[in-house]
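# Coordinate analysis (summary)
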Amino acid sequence: MARDYVWIEGVPFPTTTSRDLRSLRDEFVARDEDVIVVSYPKSGTNWILEIVHLIHTRGDPSWVQSVVSWKRSPWIESPAGLELIRKQKDPRVYTSHLPIQLFPKSLFTSKAKCVYIMRNPRDIVVSGYHFWKAIKVTKNPDSLEEYFEWFLQGNVPFGSWFDHVGGWLQLRGKENFLLISYEELHQDLRASVEKVSQFLGTELSPGELDSVLKNVTFQAMKDNKMSNFSLVPDTIMDHSKAHFMRKGIVGDWKNQLTVAQTEAFDKVYREKMAGHPPGLFPWE
Ligand code: A3P
């Protein structure tokens, strides 16, 4: 049965999130060798993770084909994920949807590498609706209209998209912070993978790069049960209601949001994003 959120410092979370985020923030020690992928949900997190994992193995797909994605890069905000991170050997790779104000503070004084992926929030609304309606450990929307309203209010898992992006973008310009977008991956996957591998300090041979590219296409990930979320337990996800690898396209919002919704969205977007420099977001 659908549950309500867990609220921590005014941010709503699914019930699988640790209630102890404040101690995590103070006590978790990020190491200089760590690689951390951060995003607002539905931004293409698992796509960039797959890329990072395949760069890590220099294009060898055996790891991504034999270990589920959430064990390759555990979620720091979940107690089970944190347990796995504590057992990882260096260099550790882990993931988070936490807003910056709740993330472990040690990151900001370490040399850990942080990759932040962002996506057009209009596509995130649509993707989010189709995903969260099937997730049993949080409140479920009855319709896209309802979810759309919740999203604009920030009353969705991990809170306001505007706050999330605005918070993490404060790290822009730091040498251990890489900002990348879902749209960029779509536009030029090869160049994007090269950018990520350069950031991670891994020089790939042309053959290794080709193998990464081959294994991170929408179809390859959809066919890989270790990456397509089909192994998420039924207690967490109702697989009859959604497929994680849904459409994987840019601009699906144009097919799903009404003109009135688009106008309402644009109004809020303009107000909330006014302080950001022009040209920063590929969807603008
Ligand atoms: P859609 O619901 O629009 O299809 P996250 O990993 O942050 O939860 O993001 C999930 C979104 O990324 C989904 O979007 C999913 O289809 C898309 N995605 C995942 N892997 C992808 C890939 N290899 N190519 C394109 N889109 C991908």
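Whatever comes next refers back to the structure up there.
Position numbers for residues count from 1 along each chain, tracking the sequence in the order it is written. Two thresholds apply to this predicted model, a pLDDT of at least 70 for residue-level local features and 80 or more for giving and counting side-chain atom pairs, whereas whole-chain, interface and lining totals are computed over all residues. Side-chain measures were taken over the full set of non-hydrogen atoms in the model, leaving aside hydrogen atoms and water.

## Comments concerning the overall build of the protein chain
When you go through the protein chain residue by residue, the secondary structure sums to 14 helices and six strands. Relative to the 2.2 N^0.38 estimate, which gives 19 Å for 284 residues, the radius of gyration of the protein chain is 18 Å and therefore close to what a compact globule would have. Each of the three principal axes of the protein chain carries a C-alpha extent, and together these read 50 × 40 × 40 Å. Across the 284 residues in the protein chain, those meeting the buried criterion constitute 57%. Strands are runs of DSSP state E lasting at least 2 residues, helices are runs of H or I lasting at least 4, and numbering of each runs from the N terminus. Every radius of gyration here is taken over C-alpha atoms, with the globule rule written as 2.2 Å times N^0.38, N being the number of residues. Accessible area is worked out with a 1.4 Å probe on protein chains only. A residue is then buried under 20% of its type maximum, exposed over 50%, and partly exposed in between.

## Observations regarding the pairing of strand β6 (residues 177-181)
Counting buried residues along β6, five of its five residues qualify, which places the element largely inside the surrounding structure. Side-chain alternation along β6 places F177, L179 and S181 on one buried face and L178 and I180 on a second face that is also buried. We call two strands paired when DSSP finds no fewer than two bridges between them. Taken together, the five bridges between strand β5 (residues 113-118) and β6 define a ladder with parallel strand orientation. Across the sheet, the residue bridging to Y116 is L179, located in β6.

## Things to note about the packing of aromatic side chains
Any pair of aromatic rings gets described here by the distance separating the centres and the angle formed by the planes. The pairing test for Phe, Tyr and Trp rings, Trp by its six-membered ring, is centres within 6.5 Å, and the orientation test on the planes gives stacked under 30 degrees, edge-to-face over 60, and tilted for anything in between. Evaluated as defined, the whole model comprises 23 aromatic pairs. A ring pair is formed by F108 and W168, whose centres lie 6.4 Å apart and whose planes are at 45 degrees; its orientation type is tilted. Taken together, the positions of F108 in the loop between β4 (93-96) and β5 and W168 in helix α8 (residues 161-168) put the pair 60 residues apart, joining distant regions of the chain. Taking relative accessible area as the criterion, F108 reaches 28% and is therefore assigned partly exposed. Residues Y116 and F177 carry aromatic rings whose centres are separated by 6.4 Å and whose planes lie at 25 degrees to one another, so their mutual orientation is stacked.

## Here we look at empty space enclosed by the protein
Buried and open spaces are told apart on a 1 Å grid over the protein atoms alone, a cavity being a set of points where a 1.4 Å probe fits but cannot get out and a pocket being an open set with protein on both sides within 12 Å along at least five of seven lines. Residues with an atom within 4 Å of a point are the lining residues. Grid points are joined across faces, edges and corners, and a volume is the space filled by probe spheres set on the points. A complete count under the given rule lists two cavities of 30 Å³ or more for this structure. The volume enclosed by the largest cavity comes to roughly 50 Å³. Around the largest cavity sit L107, F108, A112, C114, L171, K174, N176 and F177, which together line it. For this classification, Asp, Glu, Lys and Arg are treated as charged, while Ala, Val, Leu, Ile, Met, Phe, Trp, Tyr, Cys and Pro are nonpolar and the rest, including Gly, are polar. Taken together, the residues that form the lining of the largest cavity break down as six nonpolar, one polar and one charged. Taken as a whole, the second largest cavity holds about 40 Å³ of empty space.

## Some thoughts on the site of the ligand
The local shell around the ligand holds 18 residues, among which T45, S127, Y182, K247 and G248 are the closest. Polar contact criterion, stated in full: a pair of N or O atoms within 3.5 Å, where within protein one must be able to donate a hydrogen and the other to accept it, and residues adjacent in sequence count only if both atoms are side-chain atoms. Within the backbone of S43, a nitrogen or oxygen atom sits 3.0 Å from an oxygen atom of the ligand. Here a nitrogen atom of the ligand sits 3.0 Å away from a polar atom, N or O, in the main chain of V216. Using a 1.4 Å probe, accessible areas were evaluated by the Shrake-Rupley method; residue-level cover was limited to the displayed protein chains. Computed on the free molecule, the ligand has an accessible area of 570 Å², of which 98% lies beneath the protein chains in the complex. Among the cavities detected, the one that contains the ligand is the largest pocket. Of all the elements in the fold, those that place two or more residues in the shell around the ligand are α2 (45-56) and α12 (218-223). Residue classes in the shell around the ligand are distributed as seven nonpolar, seven polar and four charged. Throughout, near means a residue has at least one heavy atom within 4 Å of the molecule or strand. Whether a molecule sits in a cavity or pocket is decided by its atoms, more than half of which must lie within 2 Å of the grid points.

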